[in-house]
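Analysis of the macromolecular model
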Amino acid sequence: MDALKFNTDMAFTYGVASPMGPGVVRLVANNPGPFTFRGTNTYLVGSTTLAVIDPGPEDAAHRDAILAAAGTRPITHILSTHAHRDHVDGIAKLKAATGALVAAYPRDPEAGHIALQDSPSGKLFVDYDFQPDLALQGGDTIEGKDWALTAIHTPGHAPDHLCFALDGRPLVFSGDHVMAWNTTVIAPPEGRMADYVASLEILLDRRDDVFLPGHGGRIREPQRTVKAYLLHRNWRERSILDALAKGMTTIRQIVPEVYRGLDPRMIPAATLSVQAHVEYLIEKGQVAGDWPLTPDRALSPA
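Along every chain, residues carry numbers that run from 1 in the direction the sequence is written. Totals for whole chains, interfaces and linings use all residues, but because this is a predicted model, local features are given only for residues with pLDDT of at least 70 and pairs of side-chain atoms are given and counted only at 80 or more. Note: side-chain values were computed over all heavy atoms of the structure, leaving out hydrogens and water.

Along the chain, the regular secondary structure elements total seven helices and 14 strands. The C-alpha radius of gyration of the chain comes to 19 Å, within 12% of the 19 Å expected for a compact globule of 302 residues. Over its C-alpha atoms, taken along the principal directions, the chain stretches across nearly 65 × 35 × 35 Å. Burial status across the chain gives 53% buried among its 302 residues. Here the chain has roughly 13200 Å² of accessible surface; of this, 52% comes from carbon and sulfur atoms. Charge counting treats Lys and Arg as positive and Asp and Glu as negative, with His and both chain ends excluded. Charged groups are reduced to one reference atom each: NZ for lysine, CZ for arginine, CG for aspartic acid, CD for glutamic acid. The positive charge centre, built from 28 side chains, and the negative charge centre, built from 35, are 6 Å apart in the chain. In this description a helix means any DSSP run of H or I spanning at least four residues, a strand means any run of E spanning at least two, and both kinds are numbered starting from the N terminus. C-alpha atoms define the radius of gyration, and 2.2 Å times the number of residues to the power 0.38 defines the globule rule. Only protein chains enter the accessibility calculation, which uses a 1.4 Å probe; a residue whose area is less than 20% of its type maximum is buried, one above 50% is exposed, and one in between is partly exposed. The protein chains shown are the only cover counted for residues, whose accessible areas, like all others here, come from Shrake-Rupley with a 1.4 Å probe.

All right, on to empty space enclosed by the protein then. Put simply, the grid is 1 Å and covers the protein atoms alone, a cavity is a trapped set of points that fit a 1.4 Å probe, a pocket is an open set with protein on both sides within 12 Å along at least five of seven lines, and lining residues have an atom within 4 Å of a point. Grid points are joined across faces, edges and corners, and a volume is the space filled by probe spheres set on the points. Applying the stated rule across the entire model yields two cavities of 30 Å³ or more. In this structure, the largest cavity encloses a volume near 40 Å³. As for the largest cavity, its lining consists of P55, P57, E58, D59, H62, R63, I66, G90 and L94. Broken down by element, the residue count for the lining of the largest cavity peaks at three residues, all from helix 1 (residues 60–70). The volume enclosed by the second largest cavity comes to roughly 30 Å³. Around the second largest cavity, the lining residues are N41, Y43, I53, D54, T81, F173, S174, G175, L212, P213 and G214. The set of elements that each furnish at least two residues to the lining of the second largest cavity consists of strand 3 (41–45), strand 11 (171–175) and strand 12 (210–213). Throughout this entry, Asp, Glu, Lys and Arg are counted as charged residues, while Ala, Val, Leu, Ile, Met, Phe, Trp, Tyr, Cys and Pro are counted as nonpolar. The remaining residues, Gly among them, count as polar. Split by residue class, the lining of the second largest cavity holds five nonpolar, five polar and one charged.

This paragraph deals with the packing of helix 5 (residues 222–245) against helix 7 (residues 267–283). Each axis is a line fitted through C-alpha atoms, taken for helices only over the stretch in contact, and angles between the N-to-C directions span 0 to 180 degrees. With their axes 10 Å apart at the nearest point, helix 5 and helix 7 run at an angle of 85 degrees to one another. With respect to each other, helix 5 and helix 7 are oriented roughly perpendicular. Together, R233, R236, E237, I240 and L241 of helix 5 and S273, V274, H277, V278, Y280 and L281 of helix 7 make up the contact between the two elements. In the contact of helix 5 with helix 7, the residues fall into six nonpolar, two polar and three charged. Any angle that is under 35 degrees is reported as roughly parallel, and any over 145 degrees as roughly antiparallel; angles of 65 to 115 degrees are reported as roughly perpendicular and all others as oblique. When checking whether two residues touch, look at their non-hydrogen atoms; a contact exists if any pair is within 4.5 Å.

Salt bridge, as used here: a side-chain nitrogen of Lys or Arg that lies within 4 Å of a carboxyl oxygen of Asp or Glu. Scanning the model with the defined rule gives 14 salt bridges in all. Across the pair D133 and K95 runs a salt bridge, and its minimum N-O distance is 3.0 Å. Taken together, the residues span a long stretch of sequence, with D133 in the loop between strand 6 (101–104) and strand 7 (134–135) and K95 in helix 3 (residues 91–98) at a distance of 38 residues. Take D133: its relative accessible area is 35%, and that puts it in the partly exposed class. K95 gets classed as partly exposed once you look at its relative accessible area, which sits at 32%. The salt bridge partner of R224 is E221, with a shortest N-O separation of 3.5 Å. Classification of R224 as exposed rests on a relative accessible area of 61%. Note on E221: relative accessible area 47%, which makes it partly exposed. Residues joined in a network through salt bridges with shared partners are E58, R63 and K93.

Okay, helix 6 (residues 251–258) next. All of the buried residues in helix 6 are I251, I254, V255, E257 and V258. On its buried face, helix 6 is in contact with helix 5, helix 7 and strand 14 (299–301).

Attention shifts here to the layout of surface pockets. Counted as a void, the second largest pocket has a volume near 570 Å³. Lining the second largest pocket we find 23 residues, and of these K5, N7, A180, I219 and T225 sit closest to its centre. When residues of the lining of the second largest pocket are assigned to their parent elements, the largest contribution, six residues, is made by helix 5. Here the lining of the second largest pocket is built from residues that sort into twelve nonpolar, three polar and eight charged.

Here we take up the nonpolar core. In terms of nonpolar packing, the biggest core is built from 25 residues, with V178, M193, L200, L203, F211 and V226 touching the most fellow members. Elements that contribute at least two residues to this core include exactly strand 10 (162–166), helix 4 (193–204), helix 5 and helix 7. The dominant element in this core, judged by the number of residues it contributes, is helix 4, at six residues. For M193, the residues in contact, after removing those within four places along its chain, are I186, R233, S273, A276, H277 and Y280. In these notes, a set of buried Ala, Val, Leu, Ile, Met, Phe, Trp, Tyr and Cys residues joined through side-chain atoms within 4.5 Å is what counts as a nonpolar core. In terms of nonpolar packing, the next biggest core, distinct from the first, is built from 21 residues, A51, Y105, A151 and F164 among them.

Here it is, written out as structure tokens:
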């Protein structure tokens, strides 16, 4: 049985900053959708100088709300959890308005445009030209006058995904890696299930009181949630193996068996999620199939 229980509660008003704890406020961008929930969460961290985490889409009203929430306090740093457009498109103009330094995990330029040309949402979803001023690796710390954020490299949803731990507090900004409202989309080749599971295990070893995600409301029992995510992925693997055993030998056949009653808008994402799981099962030697995987390529139990 699926162990996840989603929490879709989220009190907010677009354009209005909501306190998330001492020195942390949240603004929600007005870009709701099936993959962004109510919109992209932007966080302002600090009291005298500020870091902005994930400015969100390019939207003048959202940028004005960020600047209004900052007031006279300078924004010195802009941090990105990953270079998907619903998180980074707003960076350029916010940087121009503030002079802030942009910090993020650098994508590998040699990898080229590895993501699909069309995302599940129907448009190019990775900013391949995004380059931070400060290249962060896992373990690196960015500091302001009264705040410090340490990067945790958590690939899986995206190869460049970072979570940020607020130093001195049991709080992590979890980006799209862990959310309360839904599971994270792992869409090959941009996403990789083996990396995602390993990244979940990194967070499982922590002792935090709250996660603040890139979409949706706060997560108050984060390690319990991460454990549920891992159980959910194990459950999904078992359901795929069961479908194979029943004679469903392609990803396209497996999807409606695993995702019953799915919203048709979500079928492309579900297909990619099953593909990600199948890739991982092949890597573990539990499924046999030829590369590259496609929705109609034949599979079999190993």
